[in-house]
Amino acid sequence: MPPPNDSPIVFPVDCSIAVNANGTFTISPALAALIVAAREGYDWPAGTSPALSQAKVLDLEAVVTGLMTPLTPAKALDIVRKVSSWGGNNKNAQADIEAATPFHQAKMAEAIVAIGALATLKEGLNALSVLPGLRLVMATKVYRFCYPVLGAGAIDRHASYFFNSIPAVSAAGIPLSLTDFRREWSTGKHTKSRLAIYEPNGYNHNLTVFVDKYLIVLEKIATALNVSGVTYTCAATDAVNMWHPADVEMAAYYWWAQNGLA
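Just so we're clear, the structure is a prediction, and the values are computed from it rather than from any experiment. (Residues numbered from 1 in each chain as written. Predicted model: local features only at pLDDT ≥ 70, side-chain atom pairs only at ≥ 80, totals over all residues. Heavy atoms only, no water.)

K.L.:
How should I be thinking about the packing of aromatic side chains in this particular structure?
P.N.:
In this description, an aromatic ring pair is defined by two values, namely the gap between the centres and the angle between the planes. Counted according to the given criterion, the structure contains 18 aromatic pairs. Each ring, one from W44 and one from Y253, has its centre 6.4 Å from the other, and the planes form 75 degrees; the classification is edge-to-face. Taken together, the residues span a long stretch of sequence, with W44 in the loop between α1 (29-40) and α2 (50-68) and Y253 in helix α10 (residues 245-259) at a distance of 209 residues. Taken together, the ring pairs connect F11, Y143, Y147, Y161, F162, F163, F181, F210, Y214, W255 and W256 into an aromatic cluster. Residue placement shows R144 over the ring face of F145; its charged tip is 4.5 Å from the ring centre. Here the guanidinium or amino end of R183 rests over the ring plane of Y161, the centre of that ring lying 4.0 Å away. (Phe/Tyr/Trp six-rings, centres within 6.5 Å; stacked < 30°, edge-to-face > 60°. Helix = DSSP H or I, 4+ residues; strand = E, 2+ residues; numbered from the N terminus. Lys NZ or Arg CZ within 6 Å of the ring centre and 35° of its normal.)

K.L.:
Sorry if this is basic, but what is going on with unusual backbone geometry here?
P.N.:
For the peptide bond that leads from W44 to P45, omega is -10 degrees, which places it in the cis range. Note on placement: P45 falls in the loop between α1 and α2. Of note, the amide linkage connecting T69 to P70 takes the cis form, showing an omega dihedral of -10 degrees. Relative to the elements of secondary structure, P70 occurs in the loop between α2 and α3 (73-86). Despite not being glycine, D14 shows a phi value in the positive range, around 75 degrees. Here D14 shows up in the segment before β1 (17-19). The backbone of S49 shows a phi angle near 105 degrees, a positive value even though the residue is not glycine.

K.L.:
Sorry, what's going on with the environment of P73 here?
P.N.:
On the secondary structure map, P73 appears in helix α3. What makes P73 partly exposed here is its relative accessible area of 36%. Sequence separation of P73 and L176 is 103 residues, and the distance between their C-alpha atoms is 43 Å. Those residues in contact with P73 that lie beyond four places of it in its chain are Q105, A106 and A109. (Buried < 20%, exposed > 50% of the residue type's maximum accessible area, 1.4 Å probe, protein only. Contact = heavy atoms within 4.5 Å.)

K.L.:
Just checking my understanding: could you explain helix α4 (residues 91-98) for this structure?
P.N.:
Owing to its 3.6 residues per turn, the α-helix aligns residues three or four sequence positions apart on the same side. Buried residues of α4: A93, Q94 and I97, and no others. Buried residues of α4 fall within an arc of 100 degrees about the axis and therefore sit on the same side. Turned more than 90 degrees away from the buried face of α4, the exposed residues are K91 and N92. Where α4 is buried, its residues meet α3. Taking the backbone nitrogen of N92 as reference, a side-chain oxygen 3.1 Å away marks N90 as the first, capping residue of α4. (Arc of directions from axis to C-beta. Polar contact = N/O pair within 3.5 Å; in protein donor to acceptor, adjacent residues only side chain to side chain.)

K.L.:
Can you help me understand the sheet that holds strand β3 (residues 168-170) in this one?
P.N.:
Two modes of strand pairing occur in sheets, parallel and antiparallel, and in both the strands are linked by backbone hydrogen bonds. Pairing within the open sheet is mixed, and its four strands lie in the order β2-β1-β3-β4. With partners counted over all chains shown, the strands left at the sheet margins are β2 (25-27) and β4 (175-176), one partner each. Where β1 meets β2, three bridges bridge the pair, whose relative direction is antiparallel. If you follow A18 over to β2, its bridge partner there is T26. Along the sheet, helix α9 (residues 200-227) contacts β1 and β2; its crossing angle with β2, the most-contacted strand, is approximately 60 degrees. (Pairing = 2+ DSSP bridges. Axes fitted to C-alpha atoms, helices over the stretch in contact; angles between N-to-C directions.)

K.L.:
Explain the pattern of salt bridges to me, please; I cannot follow it from the model alone.
P.N.:
Close approach of charged atoms allows side chains of opposite charge to pair. One pass over the full model with this rule turns up ten salt bridges. The closest approach of N and O atoms between E110 and K107, which form a salt bridge, is 3.7 Å. Of this pair, E110 and K107 both sit in helix α5 (residues 102-114), separated by three residues, roughly a single helical turn. On the basis of relative accessibility, which here comes to 49%, the residue E110 falls in the partly exposed class. With relative accessibility at 33%, the residue K107 sits in the partly exposed group. Residue D180 pairs with K213 through a salt bridge whose shortest N-O separation is 3.2 Å. Placement of the pair is D180 in the loop between β4 and β5 (183-185) and K213 in helix α9, with a sequence separation of 33 residues. (Salt bridge = Lys/Arg side-chain N within 4 Å of Asp/Glu carboxyl O.)

This is the structure:
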């Protein structure tokens with residue numbers, strides 16, 4: 001039985017995106033409300049509380065920003081270590097990161113520089129993904145925290161399911177798929193699916209979708225919300241904010257984790 005790659009039926013009625021003739025997005029009021037509520041209520045790990053959870057995100061952004069200038073191999077390791085811990089990487093993977101050799105630390109630093117430019121983003125993510133303790137999911141989380149305002153957004157099983165599943169239509173009313181991440185069963189019991197990144201074909205496909213489609217979708221959703229005057233209130237600061245792509249990713253991750261299929 002093949003794993004499910006999308007499940008649009010889980011979205012509430014009238015949640016949709018219209019892809020306009022010029023390529024811009026129009027977000028339905030229902031979907032905009034869903035995204036706002038999910039971003040304001042973002043609480044990961046669940047039960048931490050939105051205020052504390054979102055404060056941890058802001059604190060980690062600030063710490064990583066401080067480590068980026070000047071970036072050294074030792075600071076690169078510290079960035080990867082901290083992001084991996086925040087991201088819930090498994091114990092063995094975290095131990096591999098902690099044990100990074102000077103050679104691997106230098107590779108981390110080189111990759112972090114590379115992901116800062118679109119021309120070398122795919123190369124940099126690939127370089128991170130093959131290091132001990134890291135795969136594509138955690139590599140994209142490093143990207144998200146190193147460059148949180150430049151269009152960055154992480155991808156994982158929840159976000160990939162969300163963006164594969166959003167109901168979207170072209171200007172001509174033709175149904176569209178905004179992303180086509182490949183997913184696979186995570187266990188032999190076929191109870192949960194995950195992003196397919198553990199075999200070369202799935203990994204290469206999903207890396208390409210991340211760079212060539214997903215980041216563009218995040219940017220267009222953020223732009224559409226901002227153009228429409230839609231804002232969100234940060235639970236950690238009470239500030240009313242406009243949208244960055246990373247905010248859209250946070251909302252998508254949290255909403256699917258709470259409401260979507262496994």
